[in-house]
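# Per-entry structural report
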Amino acid sequence: MRQLSAPLAGDGEVELKEIVLQPREPYPFPWPVLRFFDTFPETIYLDPPALEPFGPEAAERYDLVILGYQVWFLSPSGPTAAFLKSPEARTLLKDTPLVTVIACRDMWLMAQERVKELLKAVGARLVGNVVLVDEGGSVGSLLATPLWMMTGSRGPRLGGLIPRAGVKPGEIQASRRFGERMLQALKSGRPLDDSLLRGLGAVKVNTRLIATEKAARRSFLAWGALLRALGSRGAWARQPVVAFYILFLIALLIVVLPLSALLKTLTAPLMRARIAAQEAYFSQPSGQ
Ligand SMILES: Cc1cc2nc3c(=O)[nH]c(=O)nc-3n(C[C@H](O)[C@H](O)[C@H](O)COP(=O)(O)O)c2cc1C
């Protein structure tokens, strides 16, 4: 976010304010394994964790808002959902152009759908979306990102067999182009609409993940409902089920992912038109 917004921060004509969301109960980093997975039921159901009170900046109105968020379990992170559901968001974001900036492993499509719904509910106007994904690619980051979250170390590991986790530094640096475009638009006074970030390669939709994300979300919702019925986060009754769910997920990754990849390759020629339509939909509003 700092790189992306640097052109705005460094300009004398624009005033940039930063609001950092502070959960009342801080999240651990690195994450203990059970704690990491025990977070998914509340996250998928967008149950808002308590946040520390916002500063006076949250009561102001802005020409443009940049909302940077992480994806957790195919949903906006807990603090992001809490902010978007807060009364402050309603005041701050109503009728305001907003750009979302996502940094995640590479599965962000379902999360952005939830964010679009939450933004609609507070009357914000989504005019752009920037997505930065981990450099390891969908397969490499499948192990690299959770290992980073649970050990605190990015790798690479095993002599590069498991790639370095996180977004490539060069890509983070190159995200300044989005801030430069926003600065130009603000200074020229042109309307801030869907064209704001067009032609800058703001998102790249990985069409192979659309069906996977939809199926995984359904699974998270079902298991999340069961876990929420057993108690709140941290409840002892949840822990054995969370542990079982981790094993279930590992089995799913080993068995179902390769099979579904094969199936997708075989059916791709028949699905071309449908996939193109989905790609166009998910790449809105910035375009690829
Ligand atoms: C609890 C948790 C769940 C996550 N779930 C997802 C996910 O569903 N999809 C995804 O692409 N990344 C997921 N990630 C990775 C994050 O989106 C993000 O890449 C990572 O936390 C690093 O962000 P940072 O560079 O801002 O620290 C998850 C991370 C955490 C901590």
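What comes next concerns the included structure. (Residues numbered from 1 in each chain as written. Predicted model: local features only at pLDDT ≥ 70, side-chain atom pairs only at ≥ 80, totals over all residues. Heavy atoms only, no water.)

## What about the overall build of the protein chain?
Put simply, the test is: A run of H or I in DSSP counts as a helix once it spans at least four residues, and a run of E counts as a strand once it spans at least two, with each numbered from the N terminus. Two things to know: the radius of gyration comes from C-alpha atoms, and the globule rule equals 2.2 Å times the number of residues to the power 0.38. Only protein chains enter the accessibility calculation, which uses a 1.4 Å probe; a residue is then buried when its area is under 20% of its type maximum, exposed when over 50%, and partly exposed in between. Whether two residues are in contact is decided by their heavy atoms: any pair within 4.5 Å suffices. Residues counted as positive are Lys and Arg, residues counted as negative are Asp and Glu, and His and the chain ends are not counted. By convention, charge coordinates are those of NZ in Lys, CZ in Arg, CG in Asp, or CD in Glu.
When you go through the protein chain residue by residue, the secondary structure sums to 12 helices and 4 strands. For 288 residues, the compact-globule estimate of 2.2 N^0.38 gives 19 Å, and the C-alpha radius of gyration of the protein chain, at 20 Å, lies within 12% of that figure. The dimensions of the protein chain, computed from C-alpha atoms along their principal axes, are 55 × 45 × 40 Å. Within the protein chain, the proportion of its 288 residues that are buried is 42%. Of the contacts formed within the protein chain by residues at least 6 apart in sequence, a portion of 80% connects residues at least 24 apart. Of the side chains in the protein chain, 34 bear a positive and 25 a negative charge, and the two mean positions are spaced by 7 Å.

## Observations concerning the pairing of strand E4 (residues 125-133)
The cut-off we apply is this: The pairing criterion for strands is at least two bridges between them, as found by DSSP.
Among the 9 residues in E4, 7 count as buried, and that is most of the element. The pairing of strand E3 (residues 97-104) with E4 spans 8 bridges and is parallel. Across the sheet, residue Ile 102 finds its bridge partner in E4, namely Val 131.

## Quick word on the side chain of Asp 11
Note the cut-off: Two N or O atoms count as a polar contact when they lie within 3.5 Å, although within protein this holds only if one can serve as hydrogen donor and the other as acceptor, and sequence-adjacent residues are included solely when both atoms are side-chain atoms.
Mapping Asp 11 onto the fold places it in the loop between helix H1 (2-9) and helix H2 (33-38). Among the polar contacts listed, one links the side chain of Asp 11 to the backbone nitrogen of Glu 13, at a separation of 2.8 Å. Of the polar contacts made by the side chain of Asp 11, one reaches the side chain of Lys 187; its length is 2.7 Å. Other than its neighbours up to four places away in sequence, Asp 11 contacts Leu 183 and Lys 187.

## Examining the sheet that holds E3
The strands that make up a sheet are held in pairs by hydrogen bonds between backbone atoms, and each pair lies either parallel or antiparallel. The strand order E2-E1-E3-E4 describes an open sheet built from 4 strands, whose pairing is mixed. Edge positions in the open sheet fall to strand E2 (75-76) and E4, since each of these has one partner strand only.

## Brief notes about helix H6 (residues 109-122)
To keep things clear, this is the line we draw: The span you would expect from a helix comes to 1.5 Å times its residue count less one.
Between its first and last C-alpha, H6 extends 20 Å over 14 residues, near the 20 Å set by a 1.5 Å rise per residue. Extensive coverage of H6 is indicated by the burial of 10 of its 14 residues. Looking only at H6, the buried set comprises Leu 109, Met 110, Ala 111, Gln 112, Glu 113, Arg 114, Val 115, Leu 118, Leu 119 and Val 122.

## Overview of the packing of aromatic side chains
Think of a pair of aromatic rings as described by two things: how far the centres are apart, and how the planes are tilted against each other in angle. Note the threshold: A pair of Phe, Tyr and Trp rings is counted when the ring centres sit within 6.5 Å of each other, with Trp represented by its six-membered ring. The angle between the planes then sorts it: under 30 degrees is stacked, over 60 is edge-to-face, the rest tilted. The rule for a charge over a ring is simple: NZ of Lys or CZ of Arg within 6 Å of the ring centre, and within 35 degrees of the ring normal.
Applying the stated criterion across every chain, the model contains 18 aromatic pairs. Arranged with centres 4.9 Å apart and planes meeting at 80 degrees, the rings of Tyr 27 and Trp 72 form a pair that is edge-to-face. Taken as a pair, Tyr 27 in the loop between H1 and H2 and Trp 72 in strand E1 (residues 65-72) lie far apart in primary sequence, 45 residues in all. Assessed through its relative accessible area of 23%, Tyr 27 is described here as partly exposed. Given a relative accessible area of 13%, Trp 72 falls into the buried group. An aromatic cluster is present here, built from Tyr 27, Trp 31, Phe 36, Phe 37, Phe 40, Trp 72, Phe 73, Phe 220, Trp 223, Phe 244, Tyr 245 and Phe 248 joined pairwise through their rings. Geometry around Tyr 45 places Arg 228 over its ring, the cationic atom sitting 4.1 Å from the centre.

## Some points on the site of the ligand
Inclusion rule: Note on definitions. A residue lies near a molecule or strand when any single heavy atom of the residue is within 4 Å of it. Surface accessibility in these figures is a Shrake-Rupley result with a 1.4 Å probe; residues are shielded only by whichever protein chains are displayed. Each residue is assigned to one of three groups, with Ala, Val, Leu, Ile, Met, Phe, Trp, Tyr, Cys and Pro labelled nonpolar, Asp, Glu, Lys and Arg labelled charged, and all others, Gly among them, labelled polar.
The full set close to the ligand counts 15 residues, and Gln 70, Val 71, Phe 73, Leu 74 and Met 107 are the nearest of them. With respect to the ligand, the backbone of Val 71 contributes an N or O atom lying 2.7 Å from an oxygen atom. With respect to the ligand, the backbone of Met 107 contributes an N or O atom lying 2.9 Å from an oxygen atom. Contact with the protein chains hides 82% of the accessible area of the ligand, taken as 620 Å² for the molecule alone. At the level of elements, E1, E3 and helix H7 (137-151) are the ones that each hand at least two residues to the shell around the ligand. Partitioned by chemical class, the residues of the shell around the ligand number 11 nonpolar, 2 polar and 2 charged.

## What about the nonpolar core?
Here is the rule we go by: Throughout this description, the term nonpolar core refers to a set of buried Ala, Val, Leu, Ile, Met, Phe, Trp, Tyr and Cys residues connected via side-chain atoms within 4.5 Å.
Judged by nonpolar contacts, the single largest core of 55 residues is most densely connected at Phe 40, Leu 84, Leu 93, Trp 108 and Leu 119. Per-element tally for this core: the top contributor is H6, with 7 residues. The contact partners of Phe 40, leaving out residues within four places of it in the chain, are Phe 73, Phe 220, Trp 223, Gly 224, Leu 227 and Tyr 245. Core analysis: the second largest hydrophobic core is formed by 19 residues, Leu 8, Val 14, Ala 185 and Leu 196 among them.

## Considerations on the pattern of salt bridges
Our working definition: Here, a salt bridge means any side-chain nitrogen of Lys or Arg that lies within 4 Å of a carboxyl oxygen of Asp or Glu.
Under the defined criterion, the tally for this structure stands at 15 salt bridges. Residue Arg 2 is joined to Glu 18 by a salt bridge in which the shortest nitrogen-to-oxygen separation is 2.8 Å. Placement of Arg 2 in helix H1 and of Glu 18 in the loop between H1 and H2 is noted, with a sequence separation of 16 residues between them. The exposed category is assigned to Arg 2, whose relative accessible area is 62%. A residue is classified by how much of its surface remains accessible, and Glu 18, at 48% relative accessible area, is partly exposed. For Glu 42, the salt bridge identified is with Arg 238, shortest N-O distance 2.9 Å. On the criterion of sequence distance, the pair formed by Glu 42 in helix H3 (residues 40-44) and Arg 238 in the loop between helix H10 (210-230) and helix H11 (239-267) is long-range, its members being 196 residues apart.

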